[in-house]
Amino acid sequence: MLKKFDKSQKIEKENIPYSVFKDLVDTIQDGLWIYNVNEDKYTSYSKNPRLSYLNNKDMPINQITLNIHKDDRENIMTLFNQFLIGTEKKYESIYRVKNDKNDYMWIYSRGVKKLKNNIVKIYGSHLDITEKMNMQKTINDLAYYDSLTNLPNKEKISLEFLDIINSNIVNFSFFLIEVDNFDYINNMFSYEVGEQLLKKISILLEKRYKKQYVSRLNESQFLIIYFFDKKNDIIKELNNLFSYINEIYLEDLELTISICCGVSVYKNQNFKDLLKYT
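Residues numbered from 1 in each chain as written. Predicted model: local features only at pLDDT ≥ 70, side-chain atom pairs only at ≥ 80, totals over all residues. Heavy atoms only, no water.

**Describing the overall build of the protein chain**
- Secondary structure assignment for the protein chain yields nine helices and ten strands.
- Sequence-distant contacts, at least 24 apart, represent 58% of the contacts inside the protein chain between residues at least 6 apart.
- If you sum the accessible surface of the protein chain, you get close to 16,900 Å²; carbon and sulfur atoms cover 48% of it. (Helix = DSSP H or I, 4+ residues; strand = E, 2+ residues; numbered from the N terminus. Contact = heavy atoms within 4.5 Å. Areas by Shrake-Rupley, 256 points an atom, 1.4 Å probe, with all protein chains shown as cover.)

Structural data, given as structure tokens:
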């Protein structure tokens, strides 16, 4: 729960009529809010139709936070709590909140803290930045994820490789998987069949290697960063992998799937060199 200032302190009523408060919103982009810390009363008004259902008066702050996405809620409450009891006079945060259609929107919220006659109030505004955040996600997806399989691409897994190194993890290897005769499959059965095959392989790999890293490097190659305790684990896993891929079946086609797999064990190489010798 959010910490509150001592309610035994002198409390004054807000003298701004709610109708005037709503009129003030016309001077900003989305909405305004006021939080009376002493009384734990949160009042907000938004002219954004997608946020209008959040318009309220004198609500407890914890009830307001129920609309915040569960993955953001704890962080936001901690940040807001630190702002309440700290010396900072300005507050800002970005989080997801549920709208009237039960979808989540991205909100940029900011406020300033004012103390008058022992009453602490925070005056703030909120702005819908969903479109901007979605655009950033789209750009990020295009840069770091394969559009067909949604797996991380070569650029993304190279960054994950650096994270592994920086975490001082050394017992891992690269599995470089290539689909045999993929060009033949495309030419013989169509590119649609080839894409269907790649999707099925990616689903199987993601399912098997949930705790590892899987990516699609190019048209017919997949890379797995495989963590092990003993080097003997690598041989055992490779045998299991070949059997696992043989489970792939494409409906209405008599098509046998086979793969080849190169392996290299990390020995202080960089990503490029480790991949080169896989």
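**Quick look at the sheet that holds strand E3 (residues 56-59)**
- Strand order in the open sheet made by the six strands is E3-E2-E1-E6-E5-E4, with antiparallel pairing throughout. For this open sheet the edge positions go to E3 and strand E4 (90-98), each flanked by a neighbour on one side alone. Sheet twist, expressed as the average angle between the axes of neighbouring strands with direction ignored, equals 20°.
- Where strand E1 (residues 31-36) and strand E6 (residues 119-128) come together, six bridges link them in antiparallel fashion. Opposite Ile34, over in E6, you have Tyr123 as the bridge partner.
- Packing of helix H3 (residues 70-85) onto the sheet brings it into contact with E1, E4, strand E5 (104-116) and E6, and relative to E4 it is tilted by some 160°. (Pairing = 2+ DSSP bridges. Axes fitted to C-alpha atoms, helices over the stretch in contact; angles between N-to-C directions.)

**Points about the pattern of salt bridges**
- In total, this model carries six salt bridges according to the counting rule given.
- As a salt-bridge pair, Glu39 and Lys41 come within 3.5 Å of each other at their nearest N and O atoms.
- Arg208 is paired through a salt bridge with Glu237; the nearest N and O atoms lie 2.8 Å apart. With Arg208 in helix H7 (residues 191-208) and Glu237 in helix H8 (residues 232-245), the pair connects residues that are 29 residues apart, well separated along the chain.
- When its relative accessible area of 32% is taken as the criterion, Arg208 is described as partly exposed. (Salt bridge = Lys/Arg side-chain N within 4 Å of Asp/Glu carboxyl O. Buried < 20%, exposed > 50% of the residue type's maximum accessible area, 1.4 Å probe, protein only.)

**Quick word on the confidence of the model for the protein chain**
- Here the protein chain averages 84 in pLDDT, while 86% of its residues score no lower than 70.
- Across the protein chain, element-level confidence peaks in strand E9 (residues 221-227) with a mean pLDDT of 97 and bottoms out in helix H1 (residues 18-24) with 51.
- With pLDDT under 50 throughout, residues 1-14 is counted as low confidence; its partners more than four residues away or in other chains account for 39 contacts. (pLDDT = per-residue confidence, 0-100.)

**A look at a positive patch on the surface**
- A surface patch of positive charge is lined by Lys89, Lys90, Arg110 and Lys114.
- Along the chain, Lys114 falls in strand E5. (Patch = residues over 30% accessible without salt bridge, like charges linked within 9 Å, V, L, I, M, F, W, Y side chains within 5 Å. Lys, Arg positive; Asp, Glu negative; His and termini not counted. Charge placed at Lys NZ, Arg CZ, Asp CG, Glu CD.)

**A short note on unusual backbone geometry**
- Located in the positive-phi region is Asn150, a residue other than glycine, with phi close to 65°.
- A relative accessible area of 57% places Asn150 in the exposed class.
- Not every positive phi belongs to a glycine, and Asn181 is a case in point at roughly 55°.
- Within the element layout of this structure, Asn181 appears in the loop between strand E7 (172-179) and helix H6 (182-189).
- According to the relative accessible area criterion, Asn181 is exposed, its value standing at 56%.

**Looking at the packing of aromatic side chains**
- Counted according to the given criterion, the structure contains 17 aromatic pairs.
- For the pair Phe80 and Phe83, a centre-to-centre distance of 6.4 Å together with 40° between the ring planes defines the contact as tilted. In this pair, Phe80 and Phe83 both sit in helix H3, three residues apart, roughly one turn of the helix. Comparing Phe80 with Phe83, the two get one shared label, buried.
- Through pairs of rings, three or more aromatic residues link up here, namely Phe161, Phe172, Phe174, Tyr213, Phe227, Tyr266 and Phe271.
- Directly above the aromatic system of Phe83 lies the positively charged group of Lys113, at a separation of 4.7 Å from the ring centroid.
- Here Arg208 stacks its cationic end above the ring of Tyr209, 6.0 Å away from the centre of that ring. (Phe/Tyr/Trp six-rings, centres within 6.5 Å; stacked < 30°, edge-to-face > 60°. Lys NZ or Arg CZ within 6 Å of the ring centre and 35° of its normal.)

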